[in-house]
Amino acid sequence: MNQPRRHQKVSDVFSQKLVSCPAHTPLVDAVRLMHVHNVTAIFIKHEQSVVGIWTEADCLKIDISSPLYKNLAIHEVMSAPVITVPNQCSVSDATLRFQQHGIRHLLVMDSENQPAGMLNLSDIVHNQGLDHYLQFRPIHEQYRTDLEIVDAQTPIEEVVQLMRAGRLDSVLVYNRELELHGIITQRDIVELIIQTEWLNLCWQYASYPLIEIDCESSLFDAYRTMTDRNVRHLVVRDDEICGVISYADLITEIESAYCCELERAIEQRDIALQKSQRNLFLANKIIDASLDGIMLTRKDGTIIQVNPAFTKLTGFAEHEVIGKRPNILSSTKHSRSFYQKMWHAIEYEGVWQGEICNCKKDGEEFVEWLTIIQIKDPNFDEVLYAAIFSDITERKRAEEKIAQLAYYDELTGLPNRRLFHDRLSIALSSAKRNHDLLAVMFIDLDRFKEVNDSLGHDAGDNLLQQVAERILSILPEGDTLARLGGDEFVLLCEVNRVETLLNFAEQVLQQVSMPLAINEHVVAITASIGAAVYPDDGVDSATLLKHADIAMYRAKEVGRNSFQLFKPAMNARSLERLAMMSRLQSAIESDEFELYFQPKQQLNSGKILGVEALLRWHEPNLGVISPAKFIPLAEELGLIVKLDLWVIEQACKELEKWQQQGIEAGRLAINISANHLRQGQLASNVERLLERYDVDPHKLEVELTESCFISHFSEAKQELLALKKLGVHITLDDFGTGYSALSYLTKLPIDTLKIDASFIAKVPDEYGNSEIVTAIISLAKSLSIHVVAEGVEKVEQLNYLRSLNCDTIQGYYFCRPIAKQQWYDFYLNTEKEPKLG
């Protein structure tokens, strides 16, 4: 969504098109450069610093009668110093600078005080939406009636002198022979500078016939005529010529209206400030009266405010904590990873809520329900954190006592059948939502009845307790071990792949089979384990438990002390994976991989704006293997960087071919693994291959997912900056599906965001997804980041994205991933077809 006009910043309206030249550049070359880029001003640089500006209005300062004026160094006729404005400055403040200095161009500086673009008065006016105002303003209130009319035989240098003396931006020229009027403007004088012939009579430089407008027309009619005819001056006629109105006159009128609106906005701001101060007073009263402890800190953790309830709950007075950090309350109950996860949630979600154990001033530990909120003021860069907590120690003790009786096995302290079923139900819901694997493992002790009968029930109970402790000692965090009854245990495990489950089962068997000391006896016992995996072996609790139990009995049938999966099909998949492992290395060397290409379409023009290269593996025996299978395998085997290098080299070869054949399809995008980025060799590898094939780095685009930055942010940033320095385009892929930290967009050199196809698939019908897509596009636009929408398959999605001013689409609607020759055919056919309007 667009910002309200009064809250707009310079970054929302300025032009990134910044044309500059060295200070020693001849005037004629500087003007030619302006002509090529169709700009009205050029900035002059000396030793990488902007030292001046030359605009069309400066042409009147030049003595064109001198034959040497065209070769004057631009710094001799420039205006200096250049007035600058930060890109985060408000449009209102920028307008005041225009008024204070009487200028129409400002140099925009970025956050690192480097030139980022140019802002002229027209940029601001065009964003104020004053068309309605112009429609009600008659033209006779604004045009100039003090006309200067010269004869067609007047030398052009005299006309320039006349315009200079009168500070005129135009004069009329009358040709008596043709009985015709023409007009000479500052732009015509600028054009004179780049012409090769010597000075002639002024009629040769005049524009005619005149473009006229009726004196009864509105200023909006004049504005629309100038825009349609691409001119800056109109002759106002009644029965005869009665004046001239210029684009500058319109700007002046609009500027006046804008200033009036700005004054009203300032008045409203003062009223809002008074209201804000009252709200702040009320908020402080509410904070002081709250029964919950409240603590405010700066981003670095420094405590800046606490309320009376904080003192009552912790024992620390206000003066004892102001200026200190919250860790004065920390206990030793939580690991470092706990706090890392907590602050990760605050950083990327803006809030964290949960239970935490802290210490009072006297050292007493207490359990609190804590909510930490990140507070960002849209008008300031400062970030604050508010911690709100209440003491729930007594409540927790009561809850734990009840839960212990209802949900835990009295002998081993493990979850009982009831609690296990609850956790399994929750885990299944999460697995379905996130498409994860989930395993249920039945563990049954072999010949436990013999131990129980021979050594007694007390010995049997001791054995069960020791077995439970041994399994718990190797249990991954987050998994559940429960005792269902007797000697039956059950495990609930989150797994990434079946091989992980096999390895863990082997560890359990080893732990259980180690000799146990029970009273004065040493007992050796084994276990039979069966497992079922969601979703392959069942999608509900009853089915998974049933199949795991069947697999456990099969383990007993094959000799006990063993592990069995429920379905032989899983073993078959394991064999398939082993086959892939043995083939992957040779597949890279045998060139069994192939790049497919999926072009992207620019919505405004309908043209191809870039192509994504997608990796495919055609294994002779196994057939086509999905990247979802061989990419993780390549990462595990340490071959992913080698595979990346193959892709980069093939992409460079393809770009070399594009250059030779004159193919203009934008950038070629390739996907790079997180491992390659973390190794710190990505930029050097890309640079080496670009040089080998003599490829323009600006034609290469590197796509990375958010997972590449999470654990190695500093290293990733250095690599991306190195790539950016080469000229390579950086794209953040699958945006919105990971952490989607906004800090990445400001801290990393991201050029493009790709909205994940899972969001696009549900627009425009699903409210939540539509709002997310709208927000992402608006965010990217405000940061001047290009946006690509993936997975566009329907015309409704296309139209919706076009309405949001999305830059580019990619998906089956435009083109599926296709082989190399199909891509060339598609490109040639697309170039012949008419483009979208």
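Residues numbered from 1 in each chain as written. Predicted model: local features only at pLDDT ≥ 70, side-chain atom pairs only at ≥ 80, totals over all residues. Heavy atoms only, no water.

Participant: Tell me about the side chain of Asn416, residues and numbers included.
Facilitator: Residue position: Asn416 is located in the loop between helix 13 (393–407) and helix 14 (417–434). The exposure class of Asn416 is buried, given its relative accessible area of 16%. In terms of polar contacts, Asn416 uses its side chain to reach the backbone amide nitrogen of Leu419, at 3.0 Å. Discounting chain neighbours no more than four positions away, the residues touching Asn416 are Ala406, Tyr407, Tyr408, Asp409, Ala482 and Arg483. (Helix = DSSP H or I, 4+ residues; strand = E, 2+ residues; numbered from the N terminus. Buried < 20%, exposed > 50% of the residue type's maximum accessible area, 1.4 Å probe, protein only. Polar contact = N/O pair within 3.5 Å; in protein donor to acceptor, adjacent residues only side chain to side chain. Contact = heavy atoms within 4.5 Å.)

Participant: Can you break down the packing of aromatic side chains residue by residue, with the values?
Facilitator: Following the criterion strictly, the structure yields 14 aromatic pairs and no others. Note on Phe338 and Tyr339: the rings are 5.3 Å apart at their centroids and 85° apart in plane angle, and the pair reads as edge-to-face. Residue class for Phe338 comes out partly exposed when judged on its relative accessible area of 23%. Note on Trp617 and Phe630: the rings are 5.7 Å apart at their centroids and 90° apart in plane angle, and the pair reads as edge-to-face. Within this pair, whereas Trp617 is found in strand 26 (residues 608–619), its partner Phe630 is found in helix 20 (residues 627–636), the two being separated by 13 residues in sequence. Per residue, the accessibility class of Trp617 equals that of Phe630, and both read buried. Taking the ring centre of Tyr596 as reference, the NZ or CZ of Arg616 above it sits at 5.6 Å. (Phe/Tyr/Trp six-rings, centres within 6.5 Å; stacked < 30°, edge-to-face > 60°. Lys NZ or Arg CZ within 6 Å of the ring centre and 35° of its normal.)

Participant: Account for the pairing of strand 28 (residues 668–671), naming residues and giving values.
Facilitator: Two strands pair when backbone bridges link them, and strand 26 and strand 28 are joined in this way by 2 bridges, in the parallel orientation. Directly across from Val611, in strand 28, lies its bridge partner Leu668. For strand 28 and strand 29 (residues 700–705), the ladder comprises 4 bridges, and the chain directions are parallel. Looking at strand 29, one finds that Leu668 is bridged to Leu700. (Pairing = 2+ DSSP bridges.)

Participant: I'd love a proper account of the environment of Asp292, names of residues and values included.
Facilitator: In this fold, Asp292 is placed in the loop between helix 9 (247–289) and strand 13 (293–298). Considering only alpha carbons, one finds Asp292 and Pro308, 16 residues apart in sequence, at a separation of 9.2 Å.

Participant: Any chance you could break down helix 16 (residues 457–474) for me, citing the residues and the numbers?
Facilitator: A rise of 1.5 Å per residue sets the reference length of helix 16, with its 18 residues, at 26 Å; its end C-alpha atoms lie 27 Å apart and thus fit the reference within 8%. Restricting attention to buried positions, one finds in helix 16 the residues Ala459, Gly460, Leu463, Leu464, Gln466, Val467, Ala468, Arg470, Ile471 and Ile474. (Expected span 1.5 Å × (residues − 1).)

Participant: An account of the environment of Gly354 is requested, with residue identities and associated values reported.
Facilitator: Summarising the element assignment, Gly354 is placed in strand 15 (residues 351–359). The sequence separation of Gly354 and Phe389 amounts to 35 residues, and the corresponding C-alpha distance is 9.7 Å. In this structure, Gly354 is in contact with Glu368, Trp369 and Leu370, ignoring residues within four places of it in sequence.

Participant: Residue-level account of the sheet that holds strand 19 (residues 480–485), with values.
Facilitator: With mixed pairing, 5 strands are arranged side by side in an open sheet as 19-20-18-23-24. The two strands at the open ends of the sheet, each matched to only one other strand, are strand 19 and strand 24 (563–565). Recorded for the sheet is a direction-independent mean angle of 20° between the axes of neighbouring strands. Pairing of strand 18 (residues 437–445) with strand 23 (residues 527–534) involves 8 bridges; the strand directions are antiparallel. (Axes fitted to C-alpha atoms, helices over the stretch in contact; angles between N-to-C directions.)

Participant: Describe in detail the sheet that holds strand 13, supporting the description with residues and values.
Facilitator: Strand pairing in a sheet takes place through backbone hydrogen bonds and is either antiparallel or parallel in direction. A sheet is described by the order of its strands in space; here 5 strands give the open sequence 14-13-17-16-15, paired in antiparallel fashion. Each edge of the open sheet carries a strand with a single partner, namely strand 14 (303–306) and strand 15. Geometrically, the sheet is characterised by an average inter-axis angle of 25° between neighbouring strands, direction not taken into account. Where strand 13 lies against strand 17 (residues 383–391), 6 bridges are found, and the strand directions are antiparallel. By the bridge assignment for strand 17, Ile294 is matched with Ile388.

Participant: Run through a negative patch on the surface, naming residues and quoting values.
Facilitator: Taken together, the side chains of Asp214, Glu216, Asp238, Asp239 and Glu240 define an acidic patch exposed on the protein surface. Mapped onto the elements, Glu240 comes out in the loop between strand 11 (233–237) and strand 12 (241–246). Classification of Glu240 as exposed rests on a relative accessible area of 57%. (Patch = residues over 30% accessible without salt bridge, like charges linked within 9 Å, V, L, I, M, F, W, Y side chains within 5 Å. Areas by Shrake-Rupley, 256 points an atom, 1.4 Å probe, with all protein chains shown as cover. Salt bridge = Lys/Arg side-chain N within 4 Å of Asp/Glu carboxyl O. Lys, Arg positive; Asp, Glu negative; His and termini not counted. Charge placed at Lys NZ, Arg CZ, Asp CG, Glu CD.)

Participant: So what's going on with the pairing of strand 3 (residues 49–55)? Residues and values would help.
Facilitator: Note on strand geometry: in a regular strand, side chains alternate between the two faces of the sheet. In this structure, strand 2 (residues 41–46) lies alongside strand 3, joined through 6 bridges in antiparallel fashion. The residue of strand 3 that forms the bridge with Ile44 is Gly52. Here strand 2 folds back onto strand 3, and the loop between the two strands holds 2 residues, one of which, Glu47, carries a positive phi near 55°.

Participant: Quick rundown of the nonpolar core? Include the residues and the values.
Facilitator: Core analysis: the biggest nonpolar cluster contains 84 residues, and Phe593, Phe709, Leu801 and Trp823 have the highest contact counts within it. When residues no more than four places from it in sequence are discounted, the contact partners of Phe593 are Leu584, Ala587, Ile588, Leu615, Arg616, Trp617, Phe630, Leu643 and Trp646. With 39 residues, the next largest nonpolar core counts Ala23, Val31, Val39 and Val77 among its residues. (Core = buried A, V, L, I, M, F, W, Y, C linked by side-chain atoms within 4.5 Å.)

Participant: So what's going on with the pattern of salt bridges? Residues and values would help.
Facilitator: Evaluation of the coordinates by the stated rule reveals 26 salt bridges. A salt bridge links Arg224 to Asp221; its shortest N-O distance comes to 3.3 Å. Of the two residues, Arg224 and Asp221 both sit in helix 8 (residues 219–229), 3 residues apart, roughly one turn of that helix. Notably, a salt bridge pairs Arg483 with Asp409, separated by 3.1 Å at the nearest N-O pair. Note that Arg483 is positioned in strand 19 and Asp409 in the loop between helix 13 and helix 14, a separation of 74 residues in sequence. Each member of the pair Arg483 and Asp409 is classed as buried.

Participant: Give a detailed account of helix 12 (residues 336–349), specifying residues and quantitative values.
Facilitator: Helix length check: helix 12, at 14 residues, gives a terminal C-alpha distance of 20 Å against a target of 20 Å (1.5 Å per residue), a fit within 8%. Those residues of helix 12 lying buried are Met342, Ala345 and Ile346. Along helix 12, the residues classed as buried sweep out an arc of 95° about the axis, all on the same side. Exposed residues lying more than 90 degrees from the buried face of helix 12 are Arg336 and Lys341. On its buried face, helix 12 is in contact with strand 15, strand 16 (365–376) and strand 17. Positive backbone phi, approximately 85°, marks Gly350, located one or two places after helix 12. (Arc of directions from axis to C-beta.)

Participant: So what about a nonpolar patch on the surface? Which residues, and what values?
Facilitator: A cluster of nonpolar side chains, Val351, Ile373 and Ile375, forms an exposed patch at the surface whose accessible area comes to about 200 Å². By the secondary structure assignment, Ile373 is in strand 16. A residue is classified by how much of its surface remains accessible, and Ile373, at 31% relative accessible area, is partly exposed.

Participant: Can you tell me about unusual backbone geometry, naming the residues and giving the values?
Facilitator: Tyr208 connects to Pro209 through a cis peptide bond whose omega is -5°. Despite not being glycine, Asn113 has its phi angle at roughly 60°, a positive value. Mapping Asn113 onto the fold places it in the loop between strand 5 (105–109) and strand 6 (115–120). Of the residues examined, Asn113 reaches a relative accessible area of 55% and is grouped as exposed.

Participant: Give me the lowdown on the packing of helix 6 (residues 156–166) against helix 7 (residues 186–194), citing residues and values where you can.
Facilitator: Where helix 6 meets helix 7, the axes come as close as 12 Å, and the angle between the chain directions of the two elements is 135°. The angle between helix 6 and helix 7 places the two elements in the oblique class. Crossing hand, helix 6 versus helix 7: left-handed. Taken together, the residues of helix 7 that come into contact with helix 6 (itself represented by Ile156, Val160 and Met163) are Gln186, Ile189 and Leu192. (Parallel < 35°, antiparallel > 145°, perpendicular 65-115°, else oblique. Left-handed = near helix turned anticlockwise from the far one by under 90°.)

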